[in-house]
Amino acid sequence: MNILLVGGTHGDEPSGVKLVHHFEAYPHKCVDVLMANPKAVAKKVRFVESDLNRCFGAENPQTIEERRAEEITPLIQAADLVMDIHNAWSPGMTCVITVCAPNAWHIHLARYFGIEKILHIGGPGKSLIGRKPRRGAALEIGREKTDTFSTEFLATRVVEMCEDGLRRKLRTLVRVYRRIGSTMSRENLAARDVDIKT
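Residues numbered from 1 in each chain as written. Predicted model: local features only at pLDDT ≥ 70, side-chain atom pairs only at ≥ 80, totals over all residues. Heavy atoms only, no water.

Trainee: Would you take a moment to explain unusual backbone geometry for this structure?
Mentor: Residues apart from glycine generally show negative phi values, whereas peptide bonds are mostly found in trans. Look at K44: it is not a glycine, yet its phi comes out positive at around 55°. Tracing the chain through its elements places K44 in the loop between α2 (38-43) and α3 (64-78). Given a relative accessible area of 68%, K44 falls into the exposed group. (Helix = DSSP H or I, 4+ residues; strand = E, 2+ residues; numbered from the N terminus. Buried < 20%, exposed > 50% of the residue type's maximum accessible area, 1.4 Å probe, protein only.)

Trainee: What should I look at first to understand the packing of aromatic side chains in this one?
Mentor: The description of two aromatic rings rests on the distance between their centres and on the angle between their planes. Across all of its chains, the model carries one aromatic pair by this definition. On the basis of an interplanar angle of 85° and a centroid distance of 5.5 Å, the ring pair of F149 and F153 is categorised as edge-to-face. Here F149 falls in the buried class, since its relative accessible area comes to 7%. A residue is classified by how much of its surface remains accessible, and F153, at 23% relative accessible area, is partly exposed. (Phe/Tyr/Trp six-rings, centres within 6.5 Å; stacked < 30°, edge-to-face > 60°.)

Trainee: Looking at this structure, I do not really get the packing of helix α4 (residues 104-112) against helix α5 (residues 151-164). What am I missing?
Mentor: Geometrically, a packed helix pair is captured by the angle between its two axes and the distance between the axes. α5 packs onto α4 with a crossing angle of 135° between their chain directions and a minimal axis gap of 10 Å. By the criterion of interaxial angle, the relationship of α4 to α5 is oblique. Considering only the axes of α4 and α5, their crossing is right-handed. Of α5, the residues touching α4 (which contributes H108, L109 and Y112) are R157, E160, M161 and D164. Residue composition of the contact of α4 with α5, by class: three nonpolar, one polar and three charged. (Axes fitted to C-alpha atoms, helices over the stretch in contact; angles between N-to-C directions. Parallel < 35°, antiparallel > 145°, perpendicular 65-115°, else oblique. Left-handed = near helix turned anticlockwise from the far one by under 90°. Contact = heavy atoms within 4.5 Å. Nonpolar A, V, L, I, M, F, W, Y, C, P; charged D, E, K, R; others polar.)

Trainee: Quick question: what am I supposed to make of the pattern of salt bridges here?
Mentor: Opposite charge on two side chains lets them pair, provided their charged atoms get close. According to the stated counting rule, one finds five salt bridges in the structure shown. A salt bridge links E71 to R68; its shortest N-O distance comes to 2.9 Å. On the criterion of helical spacing, the pair formed by E71 and R68 is a turn pair, its members being three residues apart in helix α3. On the accessibility criterion, E71 (53% relative accessible area) is exposed. Owing to a relative accessible area of 17%, R68 belongs among the buried residues under this scheme. With a closest N to O distance of 4.0 Å, E160 and R157 form a salt bridge. Taken together, the residues E160 and R157, both in helix α5 and three residues apart, mark about one turn of the helix. For R157, a relative accessible area of 25% corresponds to the partly exposed category. (Salt bridge = Lys/Arg side-chain N within 4 Å of Asp/Glu carboxyl O.)

Trainee: For this particular structure, what's the right way to read the sheet that holds strand β6 (residues 136-142)?
Mentor: Whether parallel or antiparallel, the strands of a sheet pair through hydrogen bonds between backbone atoms. Pairing within the open sheet is mixed, and its seven strands lie in the order β2-β1-β3-β6-β4-β5-β7. Of all the strands in the sheet, just β2 (31-35) and β7 (175-178) have a single pairing partner and so form its edges. Here the strands of the sheet are splayed against their neighbours by 25° on average, with no regard to which way each runs. Here strand β4 (residues 95-98) runs beside β6; their pairing, made up of three bridges, is antiparallel. (Pairing = 2+ DSSP bridges.)

Trainee: Can you help me understand the pairing of strand β5 (residues 117-120) in this one?
Mentor: Two faces make up the sheet, and in a regular strand the side chains alternate between them. By the bridge criterion, three bridges tie β4 to β5 in an arrangement that is parallel. Of the residues in β5, the one forming a bridge with V96 is I118. In the classification by handedness, the crossover that spans β4, the intervening α4 and the parallel β5 is right-handed. (Right-handed = clockwise from strand over helix to strand, strands pointing away.)

Trainee: Looking at this model, I keep getting lost on the nonpolar core. Mind explaining?
Mentor: Within soluble globular proteins, side chains that are nonpolar generally end up buried alongside one another. If you look at the biggest cluster of nonpolar residues, it comprises 28 residues, and the most contacted ones within it are L5, M83, V96, L109, F113, L139 and V158. For this core, the elements supplying multiple residues, two or more each, are β1 (3-7), α1 (14-25), β3 (81-88), α4, β6 and α5. Of all the elements, α5 adds the most residues to this core, at five residues. Not counting the four nearest positions on each side in its chain, L109 is found in contact with M83, V96, A137, L139 and M161. (Core = buried A, V, L, I, M, F, W, Y, C linked by side-chain atoms within 4.5 Å.)

Set out below in structure tokens:
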């Protein structure tokens, strides 16, 4: 089983970027890494021209991110499992995100990381995990949980999950939620005067 760890889908979300750098420095035989949007990471901005996580499957790629999405899609589709690491800007949003009805792998992933919520957002839409819906998920780490979900913690869990092959029985209670309506992007939160300091 090989896991593709993706960081930097949004260049201003540090958890995935740090995890990719960790595995670049300390490779593991069943972990591949991908810095999804290196130009946005270098500038520490969400995106350069368009949100990469809304650019997959563009018919006529024009922006930097649309072209990058087209470039990395084969890597995503070739992986056994895909984990796209994000940071949530609204408190209490640490969860696993799926674009299809959660299956046993999604539930196992949530349990492995001690995450009690799975958010099924529907899709696949134009998201990165939409290229691998049944074997892909996003780990959304709330800004108040970045110490708990440190790079070391995440790296250890990823390696354990690889070596265990998803056989370990875990007992974390996981609740599944389905999104209804629009997402709460940083822009939507700011428009509602919600504090989004990083």
